[in-house]
Every structure is written in C-alpha cells, then in structure tokens.
Amino acid sequence: MKKNTLFFASLLSMLFAYGQTSRENETQKAIYRLAPERINDLVHTKLDVKFDYAKAYLYGKAWITLRPHFYATDSLRLDAKGMNIDEVAILQNGKSKALVFDYSDSLNLKIKLDRLYKASEPYTIYIKYTAKPNEFNAQGSAAITDAKGLYFINPTGEDKNKPTQIWTKGETEASSVWFPTIDRTNQKTTQEILMTVPARYVTLSNGKLISQKKNIDGTRTDYWKMDLPHSPYLFFMGVGDFAIVKDTYKGKEVNYYVEKPYEKVARRIFGNTPEMMSFFSKKLGVEYPWVKYSQMTGRDYVSGAMENTTATLHTDALQQNARELSDGNRFEDYVSHELFHQWFGDLVTAESWSNLTVNESFANFSEVLWNEYKYGKDAGDHHNYTDLLTYLNSRSETKDLVRFNYKSQEDMFDAVSYHKGGRILNMLRHYVGEDAFFKALNLYLTRHKFKNAEAHELRLIFEEVTGKDLTWFWNQWYFGSGHPKLDVSYGYDEASKMATVSINQTQGDKLFKLPVAIDIYTGKTKTRHTVWLENKTDSFSFPVSAKPELINFDGEKILLVEKKENKTIYNYIHQYDNAKTYVHRREAIDYAVRRKDQAEAKTFLLNALNDPYFELRERVLKSLRPADLDKASVSTIEAIARKDAKRTTRAAAIDLLGTLNNVTYTDLFLTGTKDSSYSVAGASLIALSSVDEAKAIGLLPELQKDAKGRLKTAIELVQVLTKGEADFDEMTKKFDEGSIVKKINEYRAYVTFLAKVNNTENFKKGIDKVIAFRDVLGSFNPAAKETVNGHLKNLQQKKASLRTSSNADAIDAQIKYIEEKIK
C-alpha cells in the first residue's frame, strides 16, 4: 500500500500543477523578477520573544545590526508583516534614540535613520513589536500550503488528542511575520534568540543552546546562539512537550525531537543521520559545517520538511511506530534531502528564488546519492527513474529550470525545481565524470560558503574544473524548458554487416544536444559507441560481425528524455539478462506487462519473479492475474509470500494468492493477519476475505485495536462486506459526492462493495461511477487508469467465483459489462 499511497500523492501534485499551468503562463512573460537590491545588509539579529498562547501572539524585542551595502544611506526598509510596532530606536553608546518610521501598509517598516551611514559604518536598530500570525492573511502554494510564518498548534489544549506546540516556517518570505528583518534569500546574518516558554516544554532553535534560566512565574528562558551567518528564512523556533533522543557525529550534537510515544523508535526513524553526515561530508570534501544538527517533528505542518539551519522541522508523518517501520522507513528520503540542504541551501544559498535550483535540485539529487550508497545501485537508479517519471507526468514542459518570470516565488517549488533539476544534475555527473563532478561541488561550496550563488556561478565552477565550455548544457537545461522526445529505430543490413540507429527529435521546433552511449550486443559481448545528437534526425551506422541481439540506446539510462523504440520482446529479454541495471530490467518488465498476450512475454514475467530487487519483484506480482500463472509460478509466489525478506513484497505476493480464491491458503492468510507488518497483515486480511468472508469479518474487532496504513485500509474494505444490496444508494451517493482526494482513498472500498450488488442495473451504474473516476485520473497519467482497471479485473474474478446456475445470466452480464469498460 505504501507504493500506491506515494503514487497517488504524486498524482495529486500533478493535478494541482496542471490546474496552475495556464495561469502561470499568463504571467510568466509579463513580470521579470530581479534579484532583490541590497541597500542595507544584515549583520546580526538578536531576538527576545515570549508567547501568548491564548491570543496566539508573540511579544518580541529585536536588536538588528546592519550596514549599508555600498552606497551611503539614511533610511532602512524592513519586512514586518501584520505586526503591531510599538517602538523603533537606534542604539548609540549604550543609549537609544527614537526614530521616525512609517508602517502604514502593515508589510513594510520604513525607518528614517538619524543620519547618513556609509558602508563602513554598522548601526543597530531596536524594535519592540507584537506578531499576530493568525490575523495575517498569507497565501501558500502546492508545496507550502500556508505562509504565516509562526504556528500555534492547539495552543489552549482544547483538543485532547493533539499536543500543544509552536513551530515556525520561514520559506519563502514568512520569517518576517514573526520578526522584522530583510526577508530575502540574499541576506545573511548571525543570530541570538531568547525564548521564554512554559517550563514543562523543550525548545529548539538554530545554533547552540547556551543557557537555560528558570523564572519565578513557572516559565523558563532558553538562550540559543548562532555564530555563523545564514539567511532569515532559515531562522527557526520549535516549542513543545518532546522527548529528545541524543545522538552524535564527530563530537557534535545530533538530536531527534519526537513526541514521547515515539521515543523508543526515534533511532529507527532518524538513526541513519550520523552516517549520512559522514557520507555527504566525504563525498563533497566539505565537512558538515554547523555546530549541531537536530530534527523535530511538527503537528499540522504545512509542508513535508524544512531545512532550517542546524534545526530541521519535519511533518509528524515521520513518526512511525515499530509495525510501520517493519515495512521500511517511508520517509528516509526526507532525512537525507533536508540534511543535504545544510550544504546546498544553508551554507550556500540561492541568491534569488529564480535560482532555487541551486538549493532544491541538489537536495533532490542527494536522495539518489544516499540510496546508491546505503542500499545499492538498484535503489539509487530506482529513485532516479521514479523522479524522472514524476517530472515527465507533471506537464511542466513550458517552464525553465531557472525562471525569472513567475507569478509568485511559491510557484518555484515544483517538479521542475525538484525532480527535473535532480535529473539534470545526474546527467551532468555522468557527462563530466564522478571525480570532476564532486570536485566542482567542493569548489562551489568552498568558494561561496556563507554567501549566495546562482546557476551561472555553478556553471563557471564546472568549467573551471573540467576545462570544458558548458554554456550549451546550461542554456539547454538551466535556462531552457522542456525535454527531448525521441523516436528511436534500430536496423541491421546483412549484406554490409552494419547495425543502424536512427533518432528523430519529435518535441517540436527546439532541438537538444545530447551525448549518447549506444551499446551493441552480439551475444553477451557489448561494444559501446558514444555519439552526439544535434539534429532533427540523426542516423548512425556501426560495423558488426553478425546481427546484434540488442542495440541499446542510452546505455547508462541516464538521459532526461521520453523515447519510443522499435525493440521486440526478444531484444528486451536480452537487455534484462545482459545490461542488468535497474532501468534496463524495469523497461523490459514494463514492456512485457503490456504484451502479456505473447507467450514469450508472459514466460519472461514469471521468470522475473526472481529479480534480485524487491520493487521489480513487486511490479511483476502486481501485473499478474490468475490466468497468467502455472503451477511452478504459483509455488514461487507462495514462497515469496512466506519468506521474502521485504515485507511489502510478501504483501504483494499474498495479494496475488488471494485472487486465486484457493481455500488451501486459508492458514497462510490467517497467520499473515497477525504479522507485525501492517502491509502483510492488511494484504492477508483482504486475501482471507476472498476465501472465508465470515472469518475475515470476525477478526475485525481484534485487528482494529492496532491498525494503521495498509491494515487500516484493509479493515475498511472488509467492513464493506457487511453491506448489501439495500445499501447501494447510500454507498453510491457517498462515493459520487466525494472529492477527488476522497475518491482516490476510497474507490477500492466501493469496487469491493460492488461485488455484493446483484441487481445488474445498479451494478452497471456503480461501474460507470468508477469508470468516470478512472478516466479523470487517466487523463493525467495512464498508469492511474491501469491501476483502477486492475481492481476492476479483480472484481470480474470475484463475480465469476459467485456464479451459480440461478444467477448465471446476471453474473455473465456484469462480467461482460466490466470487460467492455476496461478495453
């Protein structure tokens, strides 16, 4: 279930992105986003804050030290959103002098300084203020659903099932909702924060905890200090009743702040952090640069996670219990992603949101690096390929990676900045070579540490290291939009003993320049040829000793392209057996799934059940139907269900066994419902319901005591089995009136319910509702259509198992109706 959940989550983001595309295109050509002008530069920020939980207010004092950037100035503009400003003064020789200010728009605090200051003259402003985040109307984005900066979670404790917490979220420009600052990425400042909180709570902020002072009113003041400069959007405060699980890396504090019920599993969630710090430090040649690294979970978080310097905040979804973690840590990529930001984003920061790629593309790419290192090349390639598909399905072809035209900076947080950018870095890594790539990253980080940078500076570094002019690469991938769409055809001329490859670029007027590895296999022997694509049509011929078993375009499978190829099942089988990387095997399996009607394809798929990588085994299992199986393959599937090392793979095998409706597996399914894995238990409950419905229903009271994830969904599906014909109108209305999100989560339960519907006209009405839902999803991604069709095929099989002499006509009509709809 984990995979489907993540698939539909990405699908929802695509739905949002598609809805935004036309609106963005209307504004992209009209507005050019300049990098913010630097008139004054932040130097140091000191804050003293207290919280009013009843009003959701912050009472603050700020001492902000600045200096003119270059030109002398007698004025200062600070971002301060929705505040009450009580006092503004300048500090001189231990005394304060009130200053004239204008705050008429409640967004910009415009201050008249006491005199003209030169660039060599720092000055300190004092501001007393009240922040009122809940009264400020902030607009978020698809990636960041709210932007009010400071969040009071259950502040008065009215919700007994939710803890009281405070946390902040500064990106993009929301830190200025809770403290006055120049809220721009191209500013850097050291900081001090004094937080006064109820003594029962713990706090987290940037830098190091210097001291804690107990106050006579039952509060405590914690003093946090950050000696190294970073951007204002990376400032952080977190407050709540957390357990702090302590770890370490080279003598530096590495702490995990979790709600107390998750204290015992915190190391299973975050425990790879020190190893990640070591790996990234060695890979980059730049040691982890900050004094400590802490991670905290936050309730009702408005994003997935945020890389606040030394103090990352994650969604509370990372808090998984031991049973959930037995299926694997679904959020480990969050941990690696945010940690890598401590170098790319925090140490060196994008100088403007237009250049977000130098933050987010690197963090996205780090997930591939970590998976490669920790779990092997298949895992890294799997992650890279999944992100490639996410971008290709996002309908983002009109957007440049570096965009100076956008409606809001929030729009930059999309599949282009993340998934496409990460794939571009992976291509660059392969083009210049591993050593040159990481030497360039080292130089980029070293030269620009504690500063800002943009994509051009990254290019110059790569050119300096490699000696290559890479303008073509940056113009094409960083300052251009879209991607190549290729029609690749292979041929062989017996008379001349020449293998041919012809490539047509079909994406439109824009042509891409691509270095490509073409591998020619004669038997198991591979010969590699490196060529360049530059034209609408490029054709290449290669001498060979005999007709090749396989000609393999993009031999490393690293290009960011869409492609069509005229390979046969025999070519793909040879590719699977000899090229052997994850993508080579995935392509072969995907091809065979689409052509299961060919005997060779079906035989190949059954053999691929033994693939060494779990996700490919699961992919094959999910593609198979009872009619595809023979006795030997059923035995293989049974062995996977009982013994596979990966719990989610065991669950996929149990799913397939459940479609056989074979009572001999009853004990296997019963045992599986008690498994520590929610995935195995959930799959087993559904499978049990297919052979002994009453027994499955009877297990519900016990299973409901501890049910999350796949098991929770399975319980909901089995509960549907208690419904009958009389519930048709109610169930159909509930499904029909649900939002697209609700339908994504609940359509399987409705399909399961339709197995109980005997009235053929009602049954057809229900199928039509499912088909309408399917077609909406399928218009964005064909894979969604196939997923729904798979469940409808299972419904067909269930109906066939219910066929008797008395209902044969009705059942046959219902099966036929499904068949017509899924063609």
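Only a predicted model underlies this, so the values are computations on that prediction, with no experimental measurement involved. (Residues numbered from 1 in each chain as written. Predicted model: local features only at pLDDT ≥ 70, side-chain atom pairs only at ≥ 80, totals over all residues. Heavy atoms only, no water.)

Draft legend 1. Region of interest: the overall build of the protein. Summing up its helical and strand segments, the protein has 26 helices and 29 strands in all. By principal-axis analysis of the C-alpha atoms, the protein measures approximately 95 × 70 × 50 Å. Looking at the 823 residues of the protein, the share that counts as buried comes to 57%. For the protein, restricting intrachain contacts to residue pairs at least 6 apart in sequence, the fraction spanning at least 24 positions comes to 69%. When the accessible surface of the protein is split by element, carbon and sulfur atoms take 50% of a total near 33,900 Å². Where the 116 positive side-chain charges of the protein centre and where its 107 negative ones centre are 2 Å apart. (Helix = DSSP H or I, 4+ residues; strand = E, 2+ residues; numbered from the N terminus. Buried < 20%, exposed > 50% of the residue type's maximum accessible area, 1.4 Å probe, protein only. Contact = heavy atoms within 4.5 Å. Areas by Shrake-Rupley, 256 points an atom, 1.4 Å probe, with all protein chains shown as cover. Lys, Arg positive; Asp, Glu negative; His and termini not counted. Charge placed at Lys NZ, Arg CZ, Asp CG, Glu CD.)

Draft legend 2. Structural context of the environment of Val-620. Among the secondary structure elements, Val-620 is positioned in helix H15 (residues 614-623). If we ignore the near neighbours within four places in the chain, the residues touching Val-620 are Ile-589, Leu-605, Ala-608 and Leu-609.

Draft legend 3. Broad picture of helix H8 (residues 416-432). Between its terminal C-alpha atoms H8 stretches 22 Å, which fits the 24 Å expected from 17 residues at 1.5 Å a residue. Counted residue by residue, H8 has 15 buried out of 17 residues, so it is predominantly covered. In the segment just after H8, Gly-433 is the residue with positive phi, at about 100°. (Expected span 1.5 Å × (residues − 1).)

Draft legend 4. The arrangement of the packing of aromatic side chains in detail. Counting across every chain of the model gives 52 aromatic pairs. Between Phe-362 and Tyr-444, the ring centres sit 6.4 Å apart and the planes meet at 20°, which makes this aromatic pair stacked. Separated by 82 residues along the polypeptide, Phe-362 in helix H6 (residues 357-375) and Tyr-444 in helix H9 (residues 434-448) bring together distant segments of the chain. The exposure class of Phe-362 is buried, given its relative accessible area of 1%. Ring centres of Tyr-431 and Trp-532 lie 5.9 Å apart, and the angle between their planes is 90°; on these two criteria the pair is classed as edge-to-face. Remark: Trp-532 occurs in strand E26 (residues 525-533) and Tyr-431 occurs in helix H8; sequence separation between them is 101 residues. Ring pairing ties together the aromatic residues Phe-279, Phe-280, Tyr-288, Tyr-293, Phe-340, Trp-343, Phe-344, Phe-362, Trp-370, Tyr-373 and Tyr-444, which thus form one cluster. (Phe/Tyr/Trp six-rings, centres within 6.5 Å; stacked < 30°, edge-to-face > 60°.)

Draft legend 5. Structural view of the pairing of strand E24 (residues 498-505). Pairing analysis gives eight bridges linking strand E23 (residues 485-493) to E24, with the strands arranged antiparallel. Residue pairing in the sheet places Val-488 in a bridge with Ile-503 of E24. The antiparallel pairing of E23 with E24 creates a hairpin that spans four residues between the two strands, and Lys-497 there sits at a positive phi of about 55°. In this structure, E24 lies alongside strand E27 (residues 537-543), joined through seven bridges in antiparallel fashion. Bridge pairing links Ala-499 to Phe-542 in E27. (Pairing = 2+ DSSP bridges.)

Draft legend 6. Quick look at the sheet that holds E27. Overall, mixed pairing links the four strands, which are arranged E27-E24-E23-E29 in an open sheet. Of all strands in the sheet, those bounded by a partner on one side alone are E27 and strand E29 (562-565). Strand after strand, the sheet turns through a mean of 20° between neighbouring axes, direction not considered. (Axes fitted to C-alpha atoms, helices over the stretch in contact; angles between N-to-C directions.)

Draft legend 7. Quick look at the sheet that holds strand E2 (residues 57-68). With mixed pairing, eight strands are arranged side by side in an open sheet as E5-E4-E8-E2-E1-E11-E14-E13. The open sheet has two edge strands with one neighbour each: strand E5 (95-98) and strand E13 (208-214). Pairwise comparison of adjacent strand axes, ignoring direction, gives a mean angle of 20° for this sheet. For strand E4 (residues 84-92) and E5, the ladder comprises four bridges, and the chain directions are antiparallel. Along E5, the bridge assignment pairs Gln-92 with Lys-95.

Draft legend 8. Looking closely at the pattern of salt bridges. Using the criterion set out here, one finds 57 salt bridges in the structure. For the salt bridge of Lys-705 with Glu-702, the shortest nitrogen-to-oxygen distance reads 3.0 Å. Overlapping salt bridges bring together Lys-557, Lys-563, Glu-565, Lys-567 and Glu-587 as one network. (Salt bridge = Lys/Arg side-chain N within 4 Å of Asp/Glu carboxyl O.)

Draft legend 9. Focus on the environment of Pro-133. Among the secondary structure elements, Pro-133 is positioned in the loop between strand E8 (123-131) and strand E9 (150-153). Contacts of Pro-133, omitting those with residues within four sequence positions, involve Ala-56, Lys-148, Leu-150, Phe-152 and Val-177.

Draft legend 10. Looking closely at the side chain of Thr-221. Among the structural elements, Thr-221 can be located in strand E14 (residues 219-230). One polar contact links Thr-221 to Thr-196, side chain to side chain, over a distance of 2.8 Å. Within polar-contact distance, the side chain of Thr-221 engages the side chain of Asn-215 at 3.1 Å. If near-sequence neighbours (up to four positions away) are discounted, Thr-221 is found in contact with Leu-194, Met-195, Thr-196, Ser-211, Gln-212, Lys-213 and Asn-215. (Polar contact = N/O pair within 3.5 Å; in protein donor to acceptor, adjacent residues only side chain to side chain.)

Draft legend 11. Highlighting the nonpolar core. Grouped together as the largest cluster of nonpolar side chains are 168 residues, with contacts concentrated most on Trp-343, Phe-462, Tyr-478, Phe-553, Leu-754 and Leu-792. Ranked by residues supplied to this core, first place goes to helix H19 (residues 678-691) with nine residues. Among residues more than four places away in sequence, those in contact with Leu-754 are Phe-728, Phe-763, Gly-766, Ile-767, Val-770, Leu-795 and Lys-799. If you look at the next biggest cluster of nonpolar residues, it comprises 63 residues, including Val-88, Leu-99, Phe-152 and Ile-182. (Core = buried A, V, L, I, M, F, W, Y, C linked by side-chain atoms within 4.5 Å.)

Draft legend 12. Quick peek at helix H23 (residues 740-754). Here H23 contains 15 residues, and its C-alpha end-to-end distance of 19 Å stays within 8% of the 21 Å for a straight helix at 1.5 Å per residue. Listing the buried residues of H23 in full gives Lys-743, Ile-744, Tyr-747, Ala-749, Tyr-750, Val-751, Phe-753 and Leu-754.

Draft legend 13. A look at unusual backbone geometry. A cis amide bond links Glu-171 to the next residue, Thr-172, at an omega of 10°. Topologically, Thr-172 is positioned in the loop between strand E10 (165-168) and strand E11 (189-198). Residue Thr-310 is not a glycine yet carries a positive backbone phi of 65°. With respect to the secondary-structure elements, Thr-310 resides in the loop between strand E19 (305-306) and strand E20 (311-315). By relative accessible area, Thr-310 is classed as buried at 0%. Here the phi dihedral of Asp-554 falls at roughly 60°; this positive angle occurs in a residue that is not glycine. Here Asp-554 shows up in the loop between strand E28 (550-553) and E29.

Draft legend 14. Local environment of the environment of Phe-735. One can find Phe-735 in helix H22 (residues 728-737). A residue is classified by how much of its surface remains accessible, and Phe-735, at 5% relative accessible area, is buried. For the pair Phe-735 and Lys-769, spaced 34 residues apart in sequence, the C-alpha to C-alpha distance is 8.3 Å. Aside from chain neighbours lying at most four places away, what touches Phe-735 is Lys-743, Tyr-747, Tyr-750, Lys-769, Val-770 and Phe-773.

Draft legend 15. Layout of the packing of helix H5 (residues 332-341) against H6. Contact geometry for H5 and H6: axes closest at 8 Å, N-to-C directions at 125°. On the basis of the axis angle, H5 is oblique to H6. Here the hand of the crossing between H5 and H6 comes out right-handed. Residues Glu-332, Asp-333, Ser-336, His-337, Phe-340 and His-341 of H5 pack against Asn-359, Glu-360, Phe-362, Ala-363, Asn-364, Ser-366, Glu-367, Leu-369, Trp-370, Asn-371 and Tyr-375 of H6. Taken together, the residues of the contact of H5 with H6 break down into six nonpolar, seven polar and four charged. (Parallel < 35°, antiparallel > 145°, perpendicular 65-115°, else oblique. Left-handed = near helix turned anticlockwise from the far one by under 90°. Nonpolar A, V, L, I, M, F, W, Y, C, P; charged D, E, K, R; others polar.)

Draft legend 16. Seen up close, the packing of helix H7 (residues 377-392) against helix H13 (residues 582-594). Closest axis-to-axis distance for the H7/H13 pair is 9 Å, and the angle between their directions is 60°. Looking at the two axes, H7 sits oblique to H13. Residue-level contacts link Asp-378, Asp-381, His-382, Tyr-385 and Leu-389 of H7 to Tyr-582, Val-583, Arg-585 and Arg-586 of H13. The residue inventory of the contact of H7 with H13, partitioned by class, reads four nonpolar, one polar and four charged.

Draft legend 17. Local environment of the confidence of the model for the protein. Here the protein averages 93 in pLDDT, and 95% of its residues register 70 or above. pLDDT under 50 marks residues 1-28. Its contacts with residues more than four places away, or in other chains, come to 40 contacts. (pLDDT = per-residue confidence, 0-100.)

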